[in-house]
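Report on the structure
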Amino acid sequence: IITQNAKVLYQTEVIQDNLNPSWEPFNVDLDIIDTHREIVFSVYDYEVIGTHELLGRVSIAMSNLIRGGRNTVMELADECGLDLGGLGRMRFHYAEVAKASGMARRGSLFPSPYLTSVVGRTKVDGHVMYDIRVMAPLADAKKPLEWTIRKKFGLIHKFHESIKSFVDKRQGLIKPFPPRPRVFFSHSEKFLNERQSALNAYWDSLSKAVPGTHGSAEGMEMKAVRTCLYKFLEVDEHMNKFRRKKEEERRLRTVSAADKKLQEQRQELKKLRQKKAQTMREKMGLSEQWKLERLYNSPEIRAIKDVVVFVSMCPGSAVIRRHTLSLVNLFRALNIKFETKDVSSDRKSREYMLENSTATNKRLTPQVFKGGKFLAQWPQIQDIHEQGNLVSFLLSATATAAR
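This write-up is about the structure you can find in this document. Just so you know, these numbers come straight off a predicted model, no measurement behind them.

**Quick notes on the side chain of glutamine 377**
Following the sequence through the fold, glutamine 377 ends up in strand 13 (residues 373-377). Among the polar contacts made by the side chain of glutamine 377, one reaches the main-chain carbonyl oxygen of asparagine 361 at a distance of 3.4 Å. Filtering out sequence-adjacent residues up to four positions away, glutamine 377 remains in contact with Ala359, Asn361, Leu364, Pro366 and Gln367.

**Digging into the packing of aromatic side chains**
What characterises a pair of aromatic rings is the spacing of the ring centres plus the angle enclosed by the ring planes. Enumeration over the complete set of coordinates arrives at 11 aromatic pairs. Look at tyrosine 202 and tryptophan 203: their rings are 5.8 Å apart centre to centre, the planes differ by 80 degrees, and that puts the pair in the edge-to-face class. In this structure, tyrosine 202 and tryptophan 203 share a single accessibility class: buried. The rings of Phe153, Phe159, Phe177, Tyr202, Trp203 and Phe232 are connected pair by pair, giving a single aromatic cluster. One Lys or Arg, lysine 151, reaches over the ring of phenylalanine 232 and ends 5.1 Å from the middle of that ring.

**Thoughts on unusual backbone geometry**
Here threonine 365 and proline 366 are connected by a cis peptide whose omega angle stands at 0 degrees. Secondary-structure assignment places proline 366 in the loop between helix 10 (347-356) and strand 12 (367-370). Of note, the phi angle at aspartate 306 is positive, near 60 degrees, even though the residue is not glycine. For aspartate 306, the position within the fold is in the loop between helix 8 (299-303) and strand 10 (307-311).

**A short note on the nonpolar core**
Core analysis: the biggest nonpolar cluster contains 35 residues, and Tyr202, Trp203 and Leu206 have the highest contact counts within it. Contributions of two or more residues to this core are made by strand 8 (127-136), strand 9 (145-152), helix 2 (153-162), helix 3 (164-168), helix 4 (189-209), helix 5 (220-232) and helix 6 (235-284). Considering every element that reaches this core, the biggest residue donor is helix 4, with seven residues. Setting aside anything within four residues of it in sequence, one finds tryptophan 203 in contact with Thr116, Val118, Ile132, Ile156, Phe159, Leu229, Phe232 and Leu233. Counting residues in hydrophobic clusters, the runner-up holds 20 residues, among them Phe331, Ile381, Leu390 and Leu394.

**Here's the deal with the sheet that holds strand 4 (residues 53-61)**
A sheet is described by the order of its strands in space; here four strands give the open sequence 2-1-3-4, paired in antiparallel fashion. Edge strands, defined here as strands with exactly one partner in the open sheet, are strand 2 (7-10) and strand 4. The average angle at which neighbouring strand axes cross in this sheet is 30 degrees, direction not considered. One ladder, built from eight bridges, connects strand 3 (residues 38-45) with strand 4; its direction is antiparallel. In the strand pairing of strand 4, phenylalanine 41 is matched with valine 58.

Rules used in this analysis
- Residues numbered from 1 in each chain as written.
- Predicted model: local features only at pLDDT ≥ 70, side-chain atom pairs only at ≥ 80, totals over all residues.
- Heavy atoms only, no water.
- Helix = DSSP H or I, 4+ residues; strand = E, 2+ residues; numbered from the N terminus.
- Polar contact = N/O pair within 3.5 Å; in protein donor to acceptor, adjacent residues only side chain to side chain.
- Contact = heavy atoms within 4.5 Å.
- Phe/Tyr/Trp six-rings, centres within 6.5 Å; stacked < 30°, edge-to-face > 60°.
- Buried < 20%, exposed > 50% of the residue type's maximum accessible area, 1.4 Å probe, protein only.
- Lys NZ or Arg CZ within 6 Å of the ring centre and 35° of its normal.
- Core = buried A, V, L, I, M, F, W, Y, C linked by side-chain atoms within 4.5 Å.
- Pairing = 2+ DSSP bridges.
- Axes fitted to C-alpha atoms, helices over the stretch in contact; angles between N-to-C directions.

Structure, rendered in structure tokens:
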């Protein structure tokens, strides 16, 4: 967070899980900065819940920052301004606006100077429209901001006339504006190509002759020309759209990072609660996992033998398929050894089940047999398991106990 006189000038994006962060380049208008006072750069450990923890801060005069340019490195100090060492270092990269009118102009980094060029032309309703591309090279550090406007030659000529006195004073710096054709409707392809080339040279030199904002040191004429130029190039409209887009991206990044950290904290808290509850259940002997592991290796499980499960691999309903899977998965989870027989493909198995089953619906699968005797179907097995009596039930050798 960058402040001066307790006023926040800028707040960077949040960078997660990085001990050597590198923030995106940002722009601060020098008109709102007192160059004779120090600017404070504060680094915080971002917290989703609660206040952010101050890691350290650096105070530096604007004149020193400008003088240091890209080579300013300072040690972070604590909240009292003491450099205790070990808090970290901060490296500054200060950029200046490109040169204009033969002088290095230092001014606002936002909005940036605008470079223009004529990139094409189109005929619309008998009029020749010229495409002027506008580029703001310093607006975005990753990719220059660009947009294209389409204007008739008459409107371009009208704009030129409005700043003609400014252009005339800089004849060696700004290329001449192309003249109108001597003969009306004399728009040959050669003439149009020459005019487009001349317009391109004019706009390229004009945009470089108008620097960025330079505060009160510049004259009223330069301010008027810049206002007229930016209005013609639709700068405010596109730069405001760009600002809104960047602010939205920054907001989404911050929200996304905050949501991610909040979710991680919730997951960690949930795991701690589950672990604590699991420990308490284990101490009381109530842990399901503990019970299953104890039951899994018990001699009673190993004593269960001769269990046969009659199933149908081609059931007529989804309910039968679900019951079959539940029964098979339960026996496997408890390490109960059993044999499956498919009554849909094995005629002998089907006849044996129908002959020896004592269930109300003898054709309904799955059915559990032990030692050649019917025990139960899935609903009964499920009820017995929930009561904790499945092992003793399967150890029973009588069909009467099953019923």
